[in-house]
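# Fold and geometry: a report
Residues per chain, in single letters:
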Amino acid sequence: DQWRVEPIQDRYVRRFLETAFQTHARVVLIIPPPLPRVLQRRESMGAEKAYETYLQKLQGDYPRLEVVDGRHASYGDELHSDAIHLNIDGAREFSMALGNFLVEQPTAGSSTSSWTQIPPYQAGRATSTLALEDINASRRATQQGQGVRR
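For the structure given in this document, a descriptive report is provided here. (Residues numbered from 1 in each chain as written. Predicted model: local features only at pLDDT ≥ 70, side-chain atom pairs only at ≥ 80, totals over all residues. Heavy atoms only, no water.)

## Describing the overall build of the protein
- Looking only at helices and strands, one finds five helices and three strands in the protein.
- Mapped in sequence order, the helices and strands of the protein form the string α-β-α-α-β-α-β-α.
- When each of the 150 residues of the protein is scored for burial, the buried share is 31%.
- For the protein, long-range pairs separated by at least 24 residues make up 81% of all intrachain contacts whose partners lie at least 6 apart in sequence.
- Carbon together with sulfur atoms contributes 53% to the accessible area of the protein, which is approximately 9,800 Å² in total. (Helix = DSSP H or I, 4+ residues; strand = E, 2+ residues; numbered from the N terminus. Buried < 20%, exposed > 50% of the residue type's maximum accessible area, 1.4 Å probe, protein only. Contact = heavy atoms within 4.5 Å. Areas by Shrake-Rupley, 256 points an atom, 1.4 Å probe, with all protein chains shown as cover.)

Put into C-alpha cells, the structure is as follows:
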C-alpha cells in the first residue's frame, strides 16, 4: 500500500497547525518507532517516502513545525504490543527519549523547521519508576470494577 493523505485529513491537519501557530504554540509532530521489519517493508514499498514528502511539504508551509522521528530508533519485538504500537516498556523508553530531546532542544518559537531523529534504542536508558498503565491494565481494571458502585 502506498501512503497517501486524504483531503479531509490534510484540511484538518492544516487547520490545527494554523490555529496552533496563531497562538504561538510549539508544535512537535512525533513519529513513533514501528518494528524495524515493518519500517523496512514500508520503505521498500515507497510508503515512507510518500509520508516524508507530505511532512516536508507541511514544514514548507508551516516553517515552525518540528518533527521528531523515532522510526529508525530500532525498538524491537520486546518493546511492541504489535507491529506499530509500543507496549508499556517501549512507551516508557520512548517517552524518556522524547522527554530528553524536548528538554535539550529549546526551539520553541523558532522561525525554522527541524527534523530530528530520536537516538537508537539502548536497553535500560529509561530511569523512570513511574507506575504506568497500558490498555490491557485499563481493561482489566474496568472489567474488575463492573457491577461495583462507587
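Next comes the rest of the account.
## What about the packing of helix 1 (residues 7-22) against helix 3 (residues 47-61)?
- Following both chains from N to C, one finds helix 1 and helix 3 inclined at 35°, their axes separated by 12 Å at the closest point. For the pair helix 1 and helix 3, the sense of crossing is right-handed. Note on element contacts: helix 3 touches helix 1 through Tyr54, Lys57, Leu58 and Asp61, opposite Asp10, Val13, Arg14 and Leu17.
- For the contact of helix 1 with helix 3, a count of residues per class yields four nonpolar, no polar and four charged. (Axes fitted to C-alpha atoms, helices over the stretch in contact; angles between N-to-C directions. Left-handed = near helix turned anticlockwise from the far one by under 90°. Nonpolar A, V, L, I, M, F, W, Y, C, P; charged D, E, K, R; others polar.)

## Focus: the layout of surface pockets
- For the largest pocket, the calculated volume is near 220 Å³.
- Among the secondary structure elements, those contributing two or more residues to the lining of the largest pocket are strand 1 (28-31), helix 2 (36-45) and helix 3.
- The residue inventory of the lining of the largest pocket, partitioned by class, reads nine nonpolar, no polar and three charged. (1 Å grid on protein atoms, 1.4 Å probe; cavity = no way out; pocket = protein on both sides within 12 Å on 5 of 7 lines; lining within 4 Å. Points joined across faces, edges and corners; volume = space filled by probe spheres on them.)

## Re the pattern of salt bridges
- Taken as a whole, this structure holds eleven salt bridges when the rule is applied.
- Residues arginine 14 and aspartate 10 are paired through a salt bridge, measuring 3.0 Å at the closest nitrogen-oxygen approach. Of this pair, arginine 14 and aspartate 10 both sit in helix 1, four residues apart, which is roughly one turn of that helix. Aspartate 10 shares its class with arginine 14; the two are buried.
- Across the salt bridge formed by arginine 71 and glutamate 48, the nearest N and O atoms sit 2.4 Å from each other. On the criterion of sequence distance, the pair formed by arginine 71 in the loop between strand 2 (66-69) and helix 4 (88-104) and glutamate 48 in helix 3 is long-range, its members being 23 residues apart. Considered together, arginine 71 and glutamate 48 belong to a single accessibility category, that of buried residues.
- Sharing partners across several salt bridges, the network here consists of Arg42, Glu48, Glu52, Asp69 and Arg71. (Salt bridge = Lys/Arg side-chain N within 4 Å of Asp/Glu carboxyl O.)

## Some words on the sheet that holds strand 2
- With respect to topology, three strands assemble into an open sheet ordered 1-2-3, the strand pairing being parallel. Where the open sheet ends on each side, the last strands, each with one partner, are strand 1 and strand 3 (114-117). Neighbour-to-neighbour, the strand axes of the sheet open up by a mean angle of 15°, direction not taken into account.
- Here helix 3 sits on the sheet in contact with strand 1, strand 2 and strand 3, set at roughly 140° to strand 3.
- Across the sheet, helix 4 lies against strand 1, strand 2 and strand 3, angled at about 150° from strand 1, the strand it touches most. (Pairing = 2+ DSSP bridges.)

## Structural notes on the environment of glutamate 93
- Mapped onto the fold, glutamate 93 is located in helix 4.
- Put simply, glutamate 93 and alanine 123 are 30 residues apart on the chain and 8.3 Å apart in space, counted from C-alpha to C-alpha.

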